[in-house]
Each structure stands twice: as C-alpha cells, then as structure tokens.
Amino acid sequence: MNDNPDFAAPPGPPRRVLCLGAAVLDTIFQVESIPTTPTKVLPRACVQIGSGMASSAAAAVARLGGEARIWARVGDDLAGRQYLDDLAAAGVDVAQVRRLPGRRTPVSTILVDRQGQRLVVPYYDPQLDQDPAWLPVADVKTCHAVLSDVRWPAGAERLLLAARAAGTIAMLDADIAPPGTVERLAPLASHVVFSQPALAAYAGTPDIPSGLAAAAARLSGLVGVTAGERGFFWRDGAALRHVPAPRVAAVDTLAAGDVFHGALVLALAEGMAMAEAGRFACIAASIKCTRFGGRLGTPTRSEVAAFAAG
C-alpha cells in the first residue's frame, strides 16, 4: 500500500471510479434559520445543482483528480437535462445515465441555516424504473473502484456483485434506507462505510465501538463509520482505528458525507493505506463544510494538500 502523506496523485492516468445511485436536482437556499412555523423566508443565496449521494461522490472524485463515471436514472424532463448538464460540467461521465420517458427526475429543496445545518425535502418518482438489467456491468473490469449508495438497491446489488467478481474495490455508502436494504447490500461490498444513524440501526446500538464490532461480526469486508465532526472510525481486524476530522467553522454540511465517500474511494483506488485515505477524506469533507452550495464546496486536490500541510 502507498504511504502518501502529501496526497500527491499517483503517476499514470487518473484512477477510474464508477458510482451508482441517486440522481437528484437540488435547489439549495441559504437562510438565517430554519423556521419551525409556517412563514415566508427570504434566502441569502440560492444554487441549483445535480446532486444525490452517488452523484455528489462522483463529482468529488472528478474534482479531486480521479476519472468519475455515474450510473443512474432520471426522467426525460427538464430537471433530468439540468442534472445531466451539471454533472457533465463537473467532469463526470454521464453517458450511462438512463433517461426514462414519462418519468420524473428526483428533485429536492434544501434549506441551510447559518450553522450549516439543513432541512431536506426530497421527492422520488415511485414509478422510476428499478430494473438494473441494462447496466453494462462488463465495464466494471475497466475500473479501479466502484461506489454505490442505497437509493437504488437492485442496481447496487448488480454493481457490487460484478465488482467483487472482478476483484475491484466495492464500496457501499450505507445510509438510512428502507428496512432490509442495508442488510441486503452490505454483505456484497468489500468496504462498507456507514453513517452513524445507519450503523446504529444495523448494529442495534448507538455506540460506535460496539456497533462496528457487531457489524464486523456479520460482514467479511472492511467496516467503518463517518461521525461528523468526530471524524472516521473503522475496524482493523480486532482493533478500532480513528482519524479525527479537522476543526472548521461549518457553513454548510450538505453533501459532506458524499464528498467523504468520493474522496475515500478514490484514495483507496490510488493505493493509499486506510489511515491516509481516511485523513484525505476527512480533510476534503471538512473543507467542503466551510463553503455553501452542497457538493459545489468540494475542494481541489491541491487545496486538500495545502490544508494538510497547513
């Protein structure tokens, strides 16, 4: 494994990372505070971007110097065209995003307050096609790593199985999902990185050390958890390991977890050891939190390196 304390990109072509999952058109408003009663709120800023867990992770891979692809589904509508244009402008290959006639692209309205916390109101078309048979899984052999979220379980299952068969890093962004989803997908991944709520639900305890131990007993791959300002924890055999997150003044925490996952899977694809990959991802996610605009706050690789050298 590569010991890469300055986070320099490895020699040769960029590492190719394939992401699969949510494709959403986000409208993000920056507000003074999130109201608790019916009222009219005048935002200080507004952006509209292509987003979603896997999509934001793919954009982070591209921003940090990797070659990113996204497999997803959108409607054949204006929101879908905006999503595709925006992800392509971010450097993500969207050639395998399927446009479905007569269906609506998922959309989300998000309020972000001055402390960086948010209120998210998403809409997913229940008729969006779930069939993953069209996915060109033979292409997985050409990738250095894949990352799936939990928003399209049938697609995630097909991708993770193909990646494991190819001996490719197969990471699952294990967030809160409908019952049985994480239980179905986690055993298929080589790396399962939970959110804290998802780990608590999966393991039956909010305690991180106990939760990771319980998850590791059920899974054969690497098991970790993102813990916000506390950083990243993972199991290394029987040992609990930890990378702290840098202290920053948060402006917008939206997509911080997605940026973390994109940075982590890219770093592992490049051969970084887990401790360095975790540090790289924690720094990238922390810098993102200092900037409004969801995934638009993702730093460049040089910004991560400068912060680390700091």
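Everything here concerns the structure above.
Definitions and limits used
Residues numbered from 1 in each chain as written. Predicted model: local features only at pLDDT ≥ 70, side-chain atom pairs only at ≥ 80, totals over all residues. Heavy atoms only, no water. Helix = DSSP H or I, 4+ residues; strand = E, 2+ residues; numbered from the N terminus. Rg over C-alpha atoms; globule rule 2.2 N^0.38 Å. Buried < 20%, exposed > 50% of the residue type's maximum accessible area, 1.4 Å probe, protein only. Contact = heavy atoms within 4.5 Å. Areas by Shrake-Rupley, 256 points an atom, 1.4 Å probe, with all protein chains shown as cover. Salt bridge = Lys/Arg side-chain N within 4 Å of Asp/Glu carboxyl O. Polar contact = N/O pair within 3.5 Å; in protein donor to acceptor, adjacent residues only side chain to side chain. Arc of directions from axis to C-beta. Axes fitted to C-alpha atoms, helices over the stretch in contact; angles between N-to-C directions. Parallel < 35°, antiparallel > 145°, perpendicular 65-115°, else oblique. Nonpolar A, V, L, I, M, F, W, Y, C, P; charged D, E, K, R; others polar. Expected span 1.5 Å × (residues − 1).

K.L.:
How should the overall build of the protein be read in this particular structure?
P.N.:
Helix and strand counts for the protein come out as nine helices and 14 strands. Relative to the 2.2 N^0.38 estimate, which gives 19 Å for 310 residues, the radius of gyration of the protein is 18 Å and therefore close to what a compact globule would have. When the backbone C-alpha atoms are referred to their principal axes, the protein occupies close to 50 × 45 × 45 Å. For the protein, the proportion of its 310 residues judged to be buried stands at 53%. Taking as baseline every contact in the protein between residues at least 6 positions apart, the subset at least 24 positions apart corresponds to 66%. Total accessible area on the protein stands at roughly 13000 Å², and carbon and sulfur atoms take up 54% of it.

K.L.:
Looking at this structure, I do not really get the pattern of salt bridges. What am I missing?
P.N.:
Two side chains carrying opposite charge are able to pair once their charged atoms lie near each other. In this structure the tally under the stated criterion is 15 salt bridges. The salt bridge involving R69 is made with E67; its shortest N-O contact spans 3.9 Å. Under the relative-accessibility criterion, R69 is labelled buried at 18%. Of the charged contacts, one joins D236 and R241 as a salt bridge, the two residues approaching to 3.2 Å between their closest N and O atoms. Relative accessible area serves as the criterion here: at 34%, R241 is assigned to the partly exposed category. Salt bridges linked by common partners bring R16, E67, R69 and D93 together as one network.

K.L.:
Explain the side chain of R15 to me, please; I cannot follow it from the model alone.
P.N.:
Counting through the fold element by element, R15 comes out in the segment before strand 1 (16-20). Of note is the side chain of R15, whose polar atom sits 3.1 Å from the backbone oxygen of P13. If sequence neighbours within four positions are ignored, R15 has contacts with P10, G66, E67, H144, L266, A269 and E270.

K.L.:
Help me understand helix 6 (residues 208-218) in this model?
P.N.:
Every α-helix winds through 3.6 residues per turn, so residues three or four apart in the chain are directed the same way. Among the residues of helix 6, those classed as buried are I208, G211, L212 and A215. The arc enclosing the buried residues of helix 6, seen along the axis, measures out at 95°, which places them on a common side. Check the buried side of helix 6 and you find it contacts strand 11 (191-195), helix 5 (196-203), strand 12 (222-226), strand 13 (232-236) and strand 14 (239-243).

K.L.:
Can you walk me through the packing of helix 8 (residues 274-289) against helix 9 (residues 301-309) in this structure?
P.N.:
When two helices pack together, their arrangement is given by the angle between the helix axes and by the axis-to-axis distance. Between helix 8 and helix 9, the shortest axis-to-axis distance is 10 Å and the interhelical angle comes to 105°. One way to sum up the angle between helix 8 and helix 9 is to call them roughly perpendicular. Along the contact surface, helix 8 presents R279, F280, I283, A284 and I287, while helix 9 presents R301, E303, V304, F307 and A308. Classifying every residue of the contact of helix 8 with helix 9 gives seven nonpolar, no polar and three charged.

K.L.:
Would you mind going over helix 8 with me for this structure?
P.N.:
Its 16 residues give helix 8 an end-to-end C-alpha distance of 22 Å, which sits within 8% of 22 Å, the value for a rise of 1.5 Å per residue. Within helix 8, 14 of the 16 residues are buried, which leaves the element mostly enclosed by the surrounding structure.

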